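# Observations on the model geometry
Read off the chains here:
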Amino acid sequence: MLYFLIPVYNEVDNLELLAKNLINFKYDDEKHFVFVDDCSTDNSVEDIKKHFAGFPLEVITKKENGGPGDSFNKGFEWILSQKPKSKDRIVTLEADNTSDIGILKTMLTISNLDYDLVLASVYAQGGGFVNTSLFRKVLSIIANLFIRNVLDIKVLTMSSFYRVYSPKVLKDIKEKYTTIIEEKGFISMVEVVFKSIKVNAKIIEVPMKLNSDNRVGKSKMKIFSTGISYLKFLLKKK
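Let me sum up the structure you'll find in this document. All values derive from a computational prediction rather than experimental measurement.

Looking at where S99 falls in the secondary structure, it is placed in the loop between β4 (89-92) and α4 (104-111). Residue classification places S99 among the buried residues on the basis of a relative accessible area of 6%. A polar atom in the side chain of S99 sits 2.4 Å from the side chain of E94.

Let us look at the pattern of salt bridges. Per the counting criterion, the structure on display carries nine salt bridges. The salt bridge partner of K184 is D70, with a shortest N-O separation of 3.6 Å. With a gap of 114 residues between them, K184 in the loop between α6 (167-177) and α7 (188-198) and D70 in helix α3 (residues 68-81) connect regions that are remote in the sequence. A network of salt bridges, in which partner residues are shared, links D38, K62, D70, K74 and K184.

This part is about helix α2 (residues 44-51). For α2, the complete set of buried residues consists of S44, V45, D47, I48 and H51. Projected down its long axis, α2 carries its buried residues within an arc of 165°, all on one side. Lining the buried residues of α2 we find β1 (2-8), α1 (15-23), β2 (31-37) and β3 (57-61).

Every buried residue of α1 is accounted for by L15, L18, A19, L22 and I23. The arc enclosing the buried residues of α1, seen along the axis, measures out at 115°, which places them on a common side. Projecting away from the buried face of α1 at angles above 90 degrees are the exposed residues E16 and K20. On the buried face of α1, the contacting elements are β1, β2 and α2.

Conventions used here
Residues numbered from 1 in each chain as written. Predicted model: local features only at pLDDT ≥ 70, side-chain atom pairs only at ≥ 80, totals over all residues. Heavy atoms only, no water. Helix = DSSP H or I, 4+ residues; strand = E, 2+ residues; numbered from the N terminus. Buried < 20%, exposed > 50% of the residue type's maximum accessible area, 1.4 Å probe, protein only. Polar contact = N/O pair within 3.5 Å; in protein donor to acceptor, adjacent residues only side chain to side chain. Salt bridge = Lys/Arg side-chain N within 4 Å of Asp/Glu carboxyl O. Arc of directions from axis to C-beta. Contact = heavy atoms within 4.5 Å.

Dropping the structure here:
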């Protein structure tokens, strides 16, 4: 089974293309789509059900907006409740089409070589940004470099949603920490990498070109609040 776990918040303009890309993605395993809606005020939930009709689908709705970390945690918990097999894989990605589906087969092939976590990386050799503002590029580079040095982590890309997880690493994190993800915001992606390292997960990165032109609308990340959450996380871990 190949689980796709996707957090959603007001992505109605991106869902049709997302559905087309994921449904047309050819892979041997059966696909199960898991969406976690973070109290969207548009028709995201209705459009998810429309575009993914006829496919295995779980739409988790929340009573209050809790951020992407909360969405991922709820999605991971639901997937683990389905008792996934060791060979199953969980793909997490953005709903805004900035995740390059063209590299997913490579990510899955590498994951099946006994890697617990495969990261799509704009910083790995061959990766990079396409049509992304200089400000966001510089901010991303500084944030990732700062985190790696403070926490002494060798992983290049800490914040991307686009990843392939084995069920084992999620089970190991849950066993060690009880809660897979505690952080609510975008810092949650750093938290998962940090915890994966602590449970001795085998981690590898695959180069990806992040193309902002594929997204309709603006990024949901609030730069100032995200920066503050990064600092708080680092202070707790040091």
